[in-house]
Amino acid sequence: MTQRQTPLRAALAAALTLALLAGCGGERLPEPSPSPSPAPEQTQTAEPAATAEPAPEPTVEPTAEPTAQPTAEPTPEPTSQPTAKPTAQPTPEPAAQPTPQPTPSGPEDGSYTANVTLSGGTGRASIQSPAALRCAGGQFYATIQWSSPNFDYMKVNGVRYELISAPGSNSAFEIPVAAFDQPFAVIADTVAMSEPHEVEYTLTFHSDSLTKQ
C-alpha cells in the first residue's frame, strides 16, 4: 500500500463511524467536515512527443530559363523611290556672232579682183573698187588705192605697211585681207592736217565678187 492511499482509507473509516452512531439513536453530531483529501496525484506518463518527421522539402525544379532567341530585325523594305529622270536642260544657244566667211577653198595663186567697201574717217577720202588682189599660198593681199596722195602709211592688226605708189600720185598700199564678207579695222595716217594724224577705217571685201584674172 502506498502512502498516497492512507488518507483515503482514514476518511472512509471516519464516515463509517458516524453512520453507526446515527443509527443507534444518539444525537447526531455534526458530521465533521471531511478534510479535503488531496486529489490523488495523477501520474501522467509523459508520452514522448511524436517525433515530427521533417516535412520533405519541396523539390524545387529548376526553372528552365528561356533560351534567348535572337530577335530577327525586320528587314527594311526598300522604299520605292521614283527614279528621277534627268531633266533635259535646254542648251543655250550661243549669241549670234558675225561668222567670218572663209576664203574660197583652195584658191589658186594668182591675180584677182573683188569689190571692197570703205567706212569710217571723215568721209572725204575714198578708195578704188574693185580692188586688185593677189593670192600667194592661200593668203590674199589687196592693193588699196586712195583718192588722196596725203596718206603715208597704213596699219592692219598693229602691223605697219608702207607706200607702194610713186611720189606725187595717189597713195597706194598692199595689205593682207583679214577676212571676206565682214568688216575689219585698218588705220591710215594722213599728213593733210597741220601734223600727221592716224584715222581709223573699216574695210569689207565681198567674196561673191571675187574674180580671177
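Residues numbered from 1 in each chain as written. Predicted model: local features only at pLDDT ≥ 70, side-chain atom pairs only at ≥ 80, totals over all residues. Heavy atoms only, no water.

Trainee: Explain the overall build of the protein to me, please; I cannot follow it from the model alone.
Mentor: For the protein, the helix and strand inventory stands at one helix and 10 strands. Shown N-terminal to C-terminal, the secondary structure of the protein runs as helices and strands in the order α-β-β-β-β-β-β-β-β-β-β. Per-residue burial for the protein yields a buried fraction of 18% across its 213 residues. Contacts in the protein between residues at least 24 apart in sequence constitute 53% of all its contacts with a sequence separation of at least 6. Carbon and sulfur atoms make up 55% of the accessible area of the protein, which amounts to about 16800 Å² in all. (Helix = DSSP H or I, 4+ residues; strand = E, 2+ residues; numbered from the N terminus. Buried < 20%, exposed > 50% of the residue type's maximum accessible area, 1.4 Å probe, protein only. Contact = heavy atoms within 4.5 Å. Areas by Shrake-Rupley, 256 points an atom, 1.4 Å probe, with all protein chains shown as cover.)

Trainee: Just checking my understanding: could you explain the nonpolar core for this structure?
Mentor: Soluble globular proteins tend to bury their nonpolar side chains together. One finds Leu133, Ile144, Trp146, Leu203 and Phe205 to be the most contacted residues of the largest nonpolar core, which totals 27 residues. Broken down by secondary-structure element, the contributors of at least two residues to this core are strand S1 (110–114), strand S3 (131–136), strand S4 (139–145), strand S5 (151–156), strand S7 (172–176), strand S8 (184–190) and strand S9 (197–205). Per element, the largest residue contribution to this core is four residues, and it comes from S9. Sequence-distant contacts of Phe205, defined by excluding residues within four places in its chain, comprise Asn115, Val116, Ala131, Leu133, Ala142, Ile144, Val177, Ala179, Phe180, Asp181 and Phe184. (Core = buried A, V, L, I, M, F, W, Y, C linked by side-chain atoms within 4.5 Å.)

Trainee: Mind showing me how you'd approach the sheet that holds S4 here?
Mentor: Strands pair in a sheet through their backbones, by hydrogen bonds, and they do so in one of two ways: parallel or antiparallel. Taken in spatial order, the five strands of this open sheet run S7-S4-S3-S1-S10, and their pairing is antiparallel. Of all the strands in the sheet, the pair left with one neighbour each is S7 and strand S10 (211–212). In this sheet, S3 lies alongside S1 in antiparallel orientation, the contact comprising five bridges. Residue pairing in the sheet places Tyr112 in a bridge with Leu133 of S3. (Pairing = 2+ DSSP bridges.)

Trainee: Help me understand the sheet that holds S9 in this model?
Mentor: Within the open sheet, the five strands sit side by side as S2-S9-S8-S5-S6. Their pairing is antiparallel. Of all the strands in the sheet, the pair left with one neighbour each is strand S2 (116–120) and strand S6 (159–162). Across this sheet, the average inter-strand angle for adjacent strands is 30 degrees, counted without regard to direction. (Axes fitted to C-alpha atoms, helices over the stretch in contact; angles between N-to-C directions.)

Trainee: For this particular structure, what's the right way to read the pattern of salt bridges?
Mentor: Close approach of charged atoms allows side chains with opposite charge to pair. All told, the structure shown has three salt bridges when counted by the stated rule. Linking Arg134 and Glu174 is a salt bridge whose minimum nitrogen-to-oxygen distance equals 2.7 Å. Of this pair, Arg134 sits in strand S3 while Glu174 is found in strand S7, placing the two residues 40 residues apart along the sequence. On the accessibility criterion, Arg134 (34% relative accessible area) is partly exposed. Taking the relative accessible area as the measure of exposure, Glu174 reaches 28% and is therefore partly exposed. A salt bridge links Arg160 to Glu162; the shortest N-O distance between them is 2.8 Å. Taking relative accessible area as the criterion, Glu162 reaches 44% and is therefore assigned partly exposed. (Salt bridge = Lys/Arg side-chain N within 4 Å of Asp/Glu carboxyl O.)

Trainee: How should I be thinking about the pairing of S6 in this particular structure?
Mentor: For a regular strand, side chains alternate in direction, first toward one face of the sheet and then toward the other. Both S5 and S6 contribute to a ladder of four bridges, which runs antiparallel. Across the sheet, the residue bridging to Lys155 is Arg160, located in S6. Between S5 and S6, which follow one another and run antiparallel, lie two residues, and Asn157 among them has a positive phi close to 55 degrees.

Trainee: Explain the side chain of Thr190 here, please?
Mentor: The residue Thr190 is located in strand S8 in this model. On the basis of relative accessibility, which here comes to 8%, the residue Thr190 falls in the buried class. At a separation of 3.5 Å, a polar atom in the side chain of Thr190 contacts the main-chain carbonyl oxygen of Asn150. In this view, Thr190 contacts Asn150, Phe151, Glu195, Pro196, His197 and Val199; residues no more than four positions away in its chain are not counted. (Polar contact = N/O pair within 3.5 Å; in protein donor to acceptor, adjacent residues only side chain to side chain.)

Trainee: Would you explain the environment of Asp208 in this entry?
Mentor: Here Asp208 is to be found in the loop between S9 and S10. Overall, the relative accessible area of 72% leaves Asp208 in the exposed class. Expressed as a C-alpha distance, the spacing of Asp208 and Asn115, which sit 93 residues apart in the sequence, is 8.7 Å.

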